Amino acid sequence: MQGNIFFLALNMTKSASFLTLCTLILLTLLLTTCTSEDNKSYWPTTTRETRPWTRWWWHGSALTKEGITAELEAYRKAGLGGVEITPIYGVQGYEDKFVPFLSDAWMDLLEHTLAEAERLDLGVDMATGTGWPFGGPWVKEDFASRNIAHKVYDLGAGNFLNEKIEFIQQPLLRTVLPNQVTIKDIAQPVESNKNLQELAIDQVQFERSLPLVALMGYNEQGEVLNLTKYVNNENHLNWSPPSGKWKLYALFIGWHGKMVERAGPGGEGNVIDHFSDSALYKYLLRFDNAFRGRDITSIRAFFNDSYEVDDAQGAADWTPKFLEEFKKARKYNLEDYLPLLFGPHDNQFSRRVLYDYRLTISELVFNKFTQPWDVWAQGKKAITRNQAHGSPSNILDLYSRVDIPEIEGTDPLRIRMASSAGNVSDRRLVSSESATWLDEHFESGLGDIKSAVDLFMLNGVNHIFYHGTTYSPPGEEWPGWLFYAAVHLNPRNPQWADFDVLNNYITRCQSFLQKSKAINDVVLYYPIADPMSTFGPEMIEHFDGIGKQFAGSVFEQAANSMLRQGVAFDFISDKQIRNLLQSKNGQLVTVTNRFGSYKTIVVPYCEFIPIETLKSLIRYANDGATIIMYRGVPYTFAGFANLEKDQVQFDSLMSMFRERLVNEDGVMSRTIGKGKIVIGDSLTIALGHANVERESMTDLGLEFTRRILDDGRYMYMVRNVSGHDFDGWVPFNYRANQVVLMDPMTGVVGLAEGKGDGRSVRLQLADNQTMIVVMGPGGRVPPPGFPYITIRSSKTLDSKWTVKFESGGPTLPPTVETDTLGSWTWYNGKEYDEFSGTAVYQTRFASPDSSRNGWMLDLGRVYGTVRVILNGKEIGAVIAPPFRVKIEPSMAQSENILEVRVTNLMANRIAALDKNGVKWKKFYNINFPARKAENRKDGLFDASSWVSHPSGLMGPVQLLFIE
């Protein structure tokens, strides 16, 4: 009897009649006859956005309209939903075909792309520049990234300063080709150089005297004088102290010199000043002019790659109007306190001024870059996608300001920075730059990419972007044009033949993830004031998830603890606490998210906290919320601006955390208004006081994301990361009368087996397999029972095999007949060693004893992706272990022909090119670096020493009999 009958029967009232139960059983048995086509009706509608998208690299923008059409048609056929256009450096030998960025010819290509994408039902995003970050030849020095330098002078009463008030910026050149060019070869200004594509400059600083920003004098009595006006045109100071000893601090503004990385033709030049809206407007004016009279209405989003101005020597840490902006924001003159900022850092006052300086920088990135860029995009009827990580700013706020926050990387906590901002600020989509540098070039298969994508989706991403797909001209010699950071997803990759399997899987997952919202119990405070108040090697900090700034902190411990224990949580910033939260019915709710409510906020111990954040927490507690102070209360308030007033307020507020506390179960607590404050060293106990239940499935080696669908049903996405197959009962925190299991890899849908408590569900998951669990009240026509599989016996297929090489290269090896399965690289002849493509393994077998439940075909070990054809009909495709497909009884005949199509990696064919001295690495700029040192030769990736990668069907191939 199907397990779902047991589950539903247990949930029936005791008064249910025998006739009702029989009717239920009959209905269930009838429903088990549904075909796989019937499963489609249970999955949400597929759209452009539910499909995965890809970053589309335009090498030198050397495209043709015919080539664009051919590529887009291939992408659509493979199951992609859209592309993001990012022009980058060119290819050697194609210089006459380079199309300068935003030129009339380039705009013609863009308009053709948009029209063809609409025809094919593909979406299009566009990077707001070439390479990264924003910049180009039209960004002159006055609007380029800047930095601050300082010098200190000692001067006694009655003396004049003999040396000049001057700072000479030292020459610097960082380029991909450091041994082939020097600073003497670079003309000034940098955009005047005609060969910037070839020079591939990352950063350049010319030797010159820097402009003086301010000269301030400070004596031992605390007197401060602005001496800037006494500095003449020859940089001499015409001032002498009337008495005492003085220290003079001179500030100079420099040119940071960061250049656009990996820039495409017409996009090489200075990076903009991210702290100046004037610089941004000047930059965007170039786009306005190029777009005038053009139809760009189908651009969905403009994209900003990660900040990455920090990928340079020194930091871009100033802007010409910084002192003015600082005074406006902080209400005091920074120049009055330069000794605290640039002098000895051995006192708390220095750390407070540093915080105010860094907070101002943070706000400038938000107010002068992210926000006006987003408004500009709206004016173009488009939305924005933004990678905020790496910015010298509170990245949670930057992510929240745009339509689609985007993350990259493999750290779950880093990923949750973007998804948390999306959840807290009610963003429908959270995207990811996915599968960047998974492994060495050509050594990552579709299964590896699936694992990487799962990590994103299980941590809140619902809009996957591959990194990426490179345009290559029709007829270009294999492997065509490639981007320097693996993986290489393009039609030249042999596994493109099975790419649709991965894309269909992601589409099914995202069809649910995009029609739902996260339901997390906890918001974890992001205590950014601590690193903002801590001096480091540079004047600013670049924030990148948890990052080095929080290594070993209580904040990091809290995040990792909740992740391990299955506590559903989001991060939250000071600004979000103040502006997006409110307390309602004992919960913390976000003002923009109708599903967004949290049971508590956890404030990990921190040294500094903004006064306004503390006041908000107290207000929420008064209104009924539970506030958890993990491992202690904050030590002091952040900032220097209102020192005395803030100290009084802080002492008053902290009295609520220190007085009338009661010991409860090992934690201290106190009622405040309608709510409660809990302080303790045990996060588990403290969360219990807020009625937070963890999802204990993590103890079983399962990870999850939990969401509520638009129709009110709950859904979990669950992945088995235990390292072994799992078959058992899984507890869920939500009860439901009907639990439906949906396998996003196969599309199979069925009612789950469950226990009478309505919370425990039987899951059968192979290692690394993912399942969608939908929990609802019932009432709709249910699918049949989920096809759990129990194996009673097995039979090995030991007949002869024919191995025919169907597609790929460099040549098709001769067909092989064999009694023993193994890697085709074991066959005699280098054509087998060098081959990358698809081989068809064929054998015949007689049908075994009949089984009303069918058989499972287990292919054993496989090096590649597979499609299985039985008697001329495809019955399954698999891109990752375990390589198993189900054979229904109706599929088998008395005599059967089995074909297993195995497609391997690009690796062996690439190695053959390198061994034979074929030049395929012909790119400007970075030109194909290796990820691993052992694969590096003359500075480039080189596979000539590789031993052939195993490829093909290894077996043993078995028929597993299903009970």
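Residues numbered from 1 in each chain as written. Predicted model: local features only at pLDDT ≥ 70, side-chain atom pairs only at ≥ 80, totals over all residues. Heavy atoms only, no water.

Participant: Give me the sheet that holds strand β52 (residues 958-962): which residues, what numbers.
Facilitator: In space, the four strands of this open sheet follow the order β39-β52-β43-β47, with antiparallel pairing throughout. Two strands close off the open sheet at either side, each with one partner strand: β39 (791-796) and β47 (884-887). Across the sheet, the mean angle from the axis of one strand to that of its neighbour is 25 degrees, orientation sign disregarded. Pairing of strand β43 (residues 855-858) with β47, which is carried by four bridges, proceeds in the antiparallel orientation. If you follow M856 over to β47, its bridge partner there is K886. (Pairing = 2+ DSSP bridges. Helix = DSSP H or I, 4+ residues; strand = E, 2+ residues; numbered from the N terminus. Axes fitted to C-alpha atoms, helices over the stretch in contact; angles between N-to-C directions.)

Participant: Describe the pairing of strand β21 (residues 569-572), and please don't skip the residues or the numbers.
Facilitator: As a general feature of sheets, a regular strand has side chains that alternate between the two faces. Alternating residues of β21 divide into F569 and F571 and D570 and I572, and every residue in both groups is buried. Summarising the sheet, strand β20 (residues 522-525) and β21 pair through four bridges and their orientation is parallel. Considered in β21, the bridge of Y525 is made with I572. (Buried < 20%, exposed > 50% of the residue type's maximum accessible area, 1.4 Å probe, protein only.)

Participant: Quick one: what's the story with the side chain of D521, residue by residue and with numbers?
Facilitator: You can see D521 is positioned in the loop between β19 (516-518) and β20. Overall, D521 belongs to the buried group, its relative accessible area being 7%. Within the local environment of D521, its side chain forms a polar contact with the side chain of R706, the two groups lying 3.1 Å apart. (Polar contact = N/O pair within 3.5 Å; in protein donor to acceptor, adjacent residues only side chain to side chain.)

Participant: Account for the packing of helix α18 (residues 611-622) against helix α19 (residues 643-658), naming residues and giving values.
Facilitator: As a packed pair, α18 and α19 sit with axes 10 Å apart at the nearest point and diverge in direction by 30 degrees. In terms of axis orientation, α18 runs roughly parallel to α19. Pair α18 / α19 crosses with left-handed handedness. Each of I611, L614, K615 and I618 in α18 lies in contact with α19, whose residues at this interface are D646, Q649, F650, L653, M654, M656 and F657. For the contact of α18 with α19, the per-class residue count stands at eight nonpolar, one polar and two charged. (Parallel < 35°, antiparallel > 145°, perpendicular 65-115°, else oblique. Left-handed = near helix turned anticlockwise from the far one by under 90°. Contact = heavy atoms within 4.5 Å. Nonpolar A, V, L, I, M, F, W, Y, C, P; charged D, E, K, R; others polar.)

Participant: I'd like a description of the sheet that holds strand β3 (residues 123-127), backed by residues and values.
Facilitator: Within a sheet, neighbouring strands are paired by backbone hydrogen bonds and run either parallel or antiparallel to one another. Pairing in this closed barrel of eight strands is parallel, and the strands run β1-β2-β3-β14-β15-β16-β17-β18 around the ring. Strand-to-strand twist in this sheet, taken as the mean axis angle between neighbours without regard to direction, amounts to 30 degrees. Alignment of strand β1 (residues 53-59) against strand β2 (residues 82-88), held across seven bridges, turns out to be parallel. Residue pairing across strands places H59 opposite I88, the latter belonging to β2.

Participant: Before we move on, could you go through helix α14 (residues 499-513) and cite the residues and values that matter?
Facilitator: End to end, α14 covers 21 Å across 15 residues, agreeing with the expected 21 Å (1.5 Å per residue, within 8%). For α14, a buried count of 12 out of 15 residues is recorded, marking the element as mostly surrounded by other parts of the structure. Residues F499, V501, L502, N503, Y505, I506, T507, C509, Q510, S511, F512 and L513 constitute the buried set of α14. (Expected span 1.5 Å × (residues − 1).)

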